[in-house]
Amino acid sequence: MVSTTDRKLEFRDALREAMNEEMRQDDRIFLMGEEVAQYNGAYKVSKGMLDEFGPRRVVDSPISETAFSGLGVGAAMYGLRPIIEFMSWSFCLVAADQIINNAPKMLYMSGGQFGCPAVFRGNNGAGGQLGSTHSWCVESMFSQVPGLKIAIPATPRDAKGLLKTAIRDDDPVFNLESERMLGAGARGDKDFSRYLSGGRWAPPLPEDDADFTIPFGKAEIVKPGDDCTVVTFGRALHFALEAAEALEEEGIDCEVINMRTVRPLDMDTVIKSVRKTSYCVVVDQSWPFASIGSEVAKQTYDLALDDLDNKVIVVNNDDVPAPYAKHLEAAMLPHAKKVAEAIRAVTYNA
Amino acid sequence: MSTATDQPMSTKSTKSKQAPQAIRASDALSPQQKLDMLGRMMLIRRFEERCAQSYTQTKIGGFCHIYIGQEATAVGSIYALNQDDPIVTAYRDHGHALARGMDPNACMAEMYGKITGCAKGKGGSMHMFDKPNAMFGGHAIVGGQCPLGAGLGFAIQYNREDKVALCYLGDGALNQGAFHESMNIAAIWNLPVIYVLENNGYSMGTAIHRGTAGSDNMKAKADAYGMRYDECNGMDVMDTYDCFSRQVELTRGSTSKAQGFDQDKGGPCFINVVTDRYMGHSMSDPQKYRDKKVYDQMKKDGSIDPILRLVEDLIDTKQATQEQIDDLDNQAKQQAMEAVKFADESPDTPLEELFTDVYVNPFDPQHKKGEPNPDFA
């Protein structure tokens, strides 16, 4: 496994690398979504793909989430392997019936005959002042549903490795990316916490590893530590790392774990860490009620109650619709200051 | 309470608005083929009668939507297809399942919740699936199957295959966004899919004129998307067969410039199949919204009932004898009875199957990889 110390690769480029590599190998894979082809992607994730693969495989859809999501499900049942892009996961709600009532249930209700090997991907989470209906963070809502797999990349390395695994997986996968992170990696190490420096945030060069994937259900210890387990995923990893940097100066040595997938959820790594540290904070950028954070806390209590020296603190978005004003939105997020406060509190350092 | 405007669909004019064909496809059918179609309709009729009976005996639970009255729609349309042309439909799917060649034993066992069911008892009445026979289900959310139909059409075109997908929907689905989005997407990409409106005039208890704007002008719905339109009498299996024969041929091999082909050729179609269901929306429907007696009488009326109509035609034109027809009906009754017996005697789905078929690649010990019923693998 090779890491590239001075690679400059944006999160969006890593997503594209994953799709390009898989599409070159398997003609059954196609990409469909709004503006993915001629516009080169609303967020430039699919830039150049139309030129390489042509309109048969990179398809501009009309603004019809129900139709193109369900089309993806139907095509997947027939044997193709669709990648369906939502310009934002906020728009997936329009397609709810297709993506959470059809895609995950097809295998079961057909008695194992028809699966749905489709990937649904797009931007997830708040932070661009896009207002309350454009700022959804859907993982907590959808993680309820048996039959789905949910991957949440936090770095360009995750972005490439998880998306390749998602595309190859025969089950429906929701790949929850982040609009705020798409440009991360343009300046290499400078865009990330020092704990990710040395190119640890980047996928290996294709010439060094042409088949780089990250398996589902394997969390990554991004920063080892002894004093407090910090469990997180997606953009919130960076809030957690920022907090960890500050707390190191206060003598609190956090162990920061990037879950990478929530369905499957790698509790083994979490529990092993909690047995070492005795304290746990979860950082989750969805709303508090019945969130992934709640689930991680519950499972931690189930599996390691005796190892905990305090309750599990979950840091979420505030329980409000996402506001427009920049300072309000920033305050709503589970930002580094909230995370640091939680870690101090849980370790009796407040 | 029925109103003057709530007439049964089969009593309304069902003249095709397209130019009549000089040569009808059904003219080329042999008496044996016509008897085959009759036999399929009879099997559906007798099977559905048994379903209704089993449901009242609480051997079938949940929802059970009976296809009686609409037999010609499934048989006439499917007979115009090749065996590998994929079909997808809504929850009133027993007719399509049987017309497609699914095993009545497996269908009944499915509804009885037995391991020998086509989905191992995990789907039920509304979810008949059969991979070898290209039956893509059985779907319960009204209109939810319309995008799936577009997906089948897209996949066929993507693979450069010469197939046609049929996506059946009821008149209730006309009011769902999913239908309109699917029609639009099928039209812009010239997909090889035919949207088949099984127009029985009721979405559950709501007569069509109360729920659907422009319900007396279905062509307008196709025109709205620049799509080909046709209509047929869904109580007349030969008229249905003729209509589908011509439209399936026009749709087969559809290409689209948008998908990288040289030209737009063929394209989707919207077919209004006017029919009647004799029973309620489902077994739980007391039919307070219409005069039940009118529909109970239909099966005795040779000018309406699809089976009786074909029987009378075959006998009048000396293409079959009463004896042959009675044999067919007895066979159908026999098959239906055997299906019930098979279902009754089959073992219940074991509890372990609760946790199979959730994932193709399960990631935890709780969920296990399941095997489909070997007849459907």
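Not measured: the values here are computed from a predicted model.

1. Remarks on the overall build of chain A
Here comes step 1: When you go through chain A residue by residue, the secondary structure sums to twelve helices and twelve strands.
Here comes step 2: Here the C-alpha radius of gyration of chain A, 20 Å, is about what a compact globule of 350 residues would show, namely 20 Å.
Here comes step 3: In terms of its C-alpha atoms, chain A occupies a principal-axis envelope of roughly 60 × 45 × 40 Å.
Here comes step 4: The buried share of chain A, reckoned over its 350 residues, is 65%.
Here comes step 5: When contacts within chain A are restricted to residue pairs at least 6 apart in sequence, long-range pairs at least 24 apart make up 80% of them.
Here comes step 6: Carbon and sulfur atoms form 50% of the exposed surface of chain A, whose accessible area is close to 12,300 Å².

2. Quick look at the overall build of chain B
Here comes step 1: Helix and strand counts for chain B stand at twelve helices and seven strands.
Here comes step 2: Here the C-alpha atoms of chain B give a radius of gyration of 20 Å, agreeing with the 21 Å that 2.2 N^0.38 yields for 377 residues.
Here comes step 3: Each principal axis of the C-alpha distribution contributes one length, and for chain B these read about 60 × 55 × 45 Å.
Here comes step 4: Residues counted as buried form 59% of the 377 residues belonging to chain B.
Here comes step 5: Considering only contacts in chain B between residues 6 or more positions apart, those separated by 24 or more positions represent 73%.
Here comes step 6: For chain B, the computed accessible surface area is about 14,900 Å², with 51% contributed by carbon and sulfur atoms.
Here comes step 7: Computed over 39 positive and 50 negative side-chain charges, the inter-centroid distance for chain B is 3 Å.

3. Some points on the pattern of salt bridges
Residue and element names in this part refer to chain A.
Here comes step 1: Per the stated rule, a full pass over the model turns up 51 salt bridges over all chains.
Here comes step 2: Note that Asp158 and Arg260 form a salt bridge whose closest N and O atoms lie 3.7 Å from each other. One end of the pair, Asp158, is in helix H7 (residues 156-168); the other, Arg260, is in the loop between strand E9 (254-258) and strand E10 (261-263), with 102 residues separating them in the sequence.
Here comes step 3: With a relative accessible area of 0%, Asp158 lands in the buried category.

4. Focus on the environment of Phe289(A)
Here comes step 1: Along the chain, the position of Phe289(A) falls in the loop between strand E11 (280-283) and helix H10 (292-304).
Here comes step 2: Residues Phe289(A) and Ala244(A), 45 residues apart in the sequence, show an inter-C-alpha distance of 25 Å.

5. Overview of the domain arrangement of chain A
All names here are of chain A.
Here comes step 1: As far as domains go, chain A holds domain 1 (11-181) and domain 2 (217-346).
Here comes step 2: Relative to domain 2, the C-alpha centre of domain 1 lies at a distance of 26 Å.
Here comes step 3: The interface is formed by 31 residues belonging to domain 1 together with 26 residues belonging to domain 2.
Here comes step 4: In this assembly, domain 1 packs against domain 2 so that about 2,200 Å² is buried in total across both faces, 57% of it on carbon and sulfur atoms.
Here comes step 5: Three residues stand out in domain 1 for area buried against domain 2, namely Gln129, Ser140 and Ile152, and they jointly supply 26% of the buried area on that side.
Here comes step 6: On the surface where domain 1 and domain 2 come into contact, there are one salt bridge.

6. Observations concerning the nonpolar core
Here comes step 1: One finds Trp89(A), Phe120(A), Phe154(B), Tyr195(B) and Phe270(B) to be the most contacted residues of the largest nonpolar core, which totals 84 residues.
Here comes step 2: Taken domain by domain, the makeup of this core includes at least three residues from each of domain 1 (11-181) and domain 2 (217-346) of chain A.
Here comes step 3: The residues contacting Phe120(A), other than those within four sequence positions of it, are Ser69(A), Val73(A), Ile84(A), Phe86(A), Trp89(A), Ile99(A), Ala103(A), Val173(A), Phe174(A) and Asn175(A).
Here comes step 4: Grouped together as the second largest cluster of nonpolar side chains are 74 residues, Ile78(B), Met111(B), Met283(B) and Tyr289(B) included.

7. A word on the side chain of Glu48(B)
Residue and element names in this part refer to chain B.
Here comes step 1: Relative to the elements of secondary structure, Glu48 occurs in helix H1 (residues 31-56).
Here comes step 2: Buried and without a salt bridge, Glu48 has Arg92 as its closest oppositely charged side chain, separated by 6.8 Å.
Here comes step 3: Looking at Glu48, its side chain comes within polar contact range of the main-chain nitrogen of Tyr67, at 2.7 Å.
Here comes step 4: Once residues within four sequence positions are removed from consideration, Glu48 is found in contact with His65, Ile66, Tyr67, Ile68 and His94.

8. Some details on the interface of chain A and chain B
Here comes step 1: The partner chain B presents 54 residues to the 48 residues of chain A that form the contact.
Here comes step 2: Buried area between chain A and chain B, summed over both chains or domains, comes out near 4,000 Å², and the portion from carbon and sulfur atoms is 65%.
Here comes step 3: For the chain A face of the interface with chain B, the top three residues by lost area are Tyr78(A), Tyr108(A) and Gln113(A), together amounting to 21%.
Here comes step 4: For the pair chain A and chain B, the number of links is zero salt bridges.

9. Considering the packing of aromatic side chains
Residues and elements named next belong to chain A.
Here comes step 1: In this structure the tally under the stated criterion is 22 aromatic pairs over all chains.
Here comes step 2: Clustering of aromatic rings is evident, with ring pairs tying together Phe68, Phe86, Trp89, Phe120, Phe142 and Phe174.
Here comes step 3: Across the ring face of Tyr195, the terminal group of Lys223 is positioned such that the distance to the ring centre comes to 5.4 Å.

10. Section: unusual backbone geometry
Residues and elements named next belong to chain A.
Here comes step 1: That bond from Arg263 to Pro264 is cis: its omega, 10°, falls within 30 degrees of zero.
Here comes step 2: Among the structural elements, Pro264 can be located in the loop between E10 and helix H9 (267-277).
Here comes step 3: Of note, Ala290 is a non-glycine position whose phi angle comes to about 55°, a positive value.
Here comes step 4: Positionally, Ala290 belongs in the loop between E11 and H10.

11. Focus: empty space enclosed by the protein
Here comes step 1: If you walk through the whole model with that rule in mind, you get five cavities of 30 Å³ or more.
Here comes step 2: Volume-wise, the largest cavity comes out at about 70 Å³.
Here comes step 3: Taken together, the residues that form the lining of the largest cavity break down as seven nonpolar, five polar and no charged.
Here comes step 4: When residues of the lining of the largest cavity are assigned to domains, at least three map to each of domain 1 (11-181) and domain 2 (217-346) of chain A.
Here comes step 5: Its volume calculated, the second largest cavity comes out at about 60 Å³.
Here comes step 6: Gln7(B), Met9(B), Lys12(B), Gly201(B) and Tyr202(B) are the residues nearest the centre of the second largest cavity, which is lined by 14 residues in total.
Here comes step 7: The residue makeup of the lining of the second largest cavity, split by class, is six nonpolar, five polar and three charged.

12. A word on the layout of surface pockets
All names here are of chain A.
Here comes step 1: Quantified by volume, the largest pocket comes out at close to 560 Å³.
Here comes step 2: Lining the largest pocket are 20 residues, with Val262, Arg263, Leu265, Glu295 and Gln299 positioned closest to its centre.
Here comes step 3: Put simply, the parts of the chain that give the lining of the largest pocket at least two residues each are helix H6 (139-142), E10 and H10.
Here comes step 4: A per-element tally of the lining of the largest pocket places H10 first, with three residues.

13. Some thoughts on the pairing of strand E6 (residues 173-177) of chain A
Each regular strand displays side chains that alternate between the two surfaces of the sheet.
Residue and element names in this part refer to chain A.
Here comes step 1: Most of E6 is tucked away: five of the five residues are buried.
Here comes step 2: Burial along E6 is two-sided: the face carrying Val173, Asn175 and Glu177 and the face carrying Phe174 and Leu176 are both buried.
Here comes step 3: Pairing of strand E4 (residues 119-123) with E6, which is carried by five bridges, proceeds in the parallel orientation. Bridging from a neighbouring strand, Phe120 pairs with Phe174 of E6.
Here comes step 4: Handedness of the crossover joining strand E5 (residues 149-151) and E6 through H7 is recorded here as right-handed.

14. Points about the sheet that holds E11(A)
Residues and elements named next belong to chain A.
Here comes step 1: Spatial ordering of the open sheet is given by E7-E9-E8-E11-E12, a layout of five strands whose pairing is mixed. A single partner strand is all that each edge strand has here, and the edge strands are strand E7 (220-223) and strand E12 (313-315). Sheet twist, expressed as the average angle between the axes of neighbouring strands with direction ignored, equals 25°.
Here comes step 2: Bridge analysis of strand E8 (residues 228-232) against E9 gives five bridges, and the strand direction is parallel. For Val231, the partnering residue across the bridge sits in E9 and is Ile257.
Here comes step 3: Contacts from H10 reach E8, E11 and E12, with the element oriented near 165° to E12.

Reading the values: the criteria
- Every residue gets a number counted from 1 within its own chain, in the order that chain's sequence is written.
- Each chain is given a letter, starting from A, and each ligand a number, starting from 1, according to the order in which they appear as written.
- Under the rules for a predicted model, residues below a pLDDT of 70 receive no local features and side-chain atom pairs below 80 are neither given nor counted, while totals for whole chains, interfaces and linings still include all residues.
- Hydrogen atoms and water are omitted, and side-chain values are computed over all heavy atoms in the structure.
- Helix and strand assignments follow DSSP, with helices taken as H or I runs no shorter than four residues and strands as E runs no shorter than two, numbered in order from the N terminus.
- Here the globule rule is a power law, 2.2 Å times the number of residues to the power 0.38, and the radius of gyration is based on C-alpha atoms.
- Burial here depends on accessible area, computed with a 1.4 Å probe over protein chains only, as a share of the maximum for the residue type. Under 20% is buried, over 50% is exposed, and the range in between is partly exposed.
- Only heavy atoms matter for contacts: two residues are in contact if any of them lie within 4.5 Å across the pair.
- Using a 1.4 Å probe, the Shrake-Rupley method yields the accessible areas, and only the shown protein chains count as cover for residues.
- A residue counts as positive if it is Lys or Arg and as negative if it is Asp or Glu; His and the chain ends are not included.
- The location of each charge is read from NZ of Lys, CZ of Arg, CG of Asp or CD of Glu.
- Each salt bridge in this description consists of a side-chain nitrogen of Lys or Arg and a carboxyl oxygen of Asp or Glu lying within 4 Å of one another.
- Bear in mind that the domain bounds are from an automatic or database domain assignment.
- Summed over both partners, the accessible surface that disappears when two parts come together, traced with a 1.4 Å probe, is what is meant by buried area.
- Buried Ala, Val, Leu, Ile, Met, Phe, Trp, Tyr and Cys residues that are joined via side-chain atoms within 4.5 Å together make up what is termed a nonpolar core.
- Identification of polar contacts relies on pairs of N or O atoms within 3.5 Å, with a donor-acceptor requirement for protein atoms, meaning one able to donate a hydrogen and the other able to accept it, and with residues adjacent in sequence counted only if both atoms are side-chain atoms.
- Ring pairs are drawn from Phe, Tyr and Trp, using the six-membered ring of Trp, whenever the two centres fall within 6.5 Å, and their geometry is named by plane angle: stacked under 30 degrees, edge-to-face over 60, tilted for the rest.
- Criterion for a charge above a ring: Lys NZ or Arg CZ within 6 Å of the ring centre, and within 35 degrees of the ring normal.
- Using protein atoms alone on a 1 Å grid, points that fit a 1.4 Å probe yet trap it form a cavity, whereas open point sets bounded by protein on both sides within 12 Å along at least five of seven lines form a pocket; residues with an atom within 4 Å of a point count as lining.
- Grid points are joined across faces, edges and corners, and a volume is the space filled by probe spheres set on the points.
- Polar here means any residue other than Ala, Val, Leu, Ile, Met, Phe, Trp, Tyr, Cys and Pro, which are nonpolar, and Asp, Glu, Lys and Arg, which are charged; Gly is therefore polar.
- Here, a strand pair is defined by DSSP locating no fewer than two bridges between the strands.
- With strands facing away from the observer, any crossover in which the path from the first strand over the helix to the second runs clockwise is taken as right-handed.
- With axes taken as lines fitted to C-alpha atoms, and helix axes fitted only over the stretch in contact, angles between N-to-C directions fall between 0 and 180 degrees.

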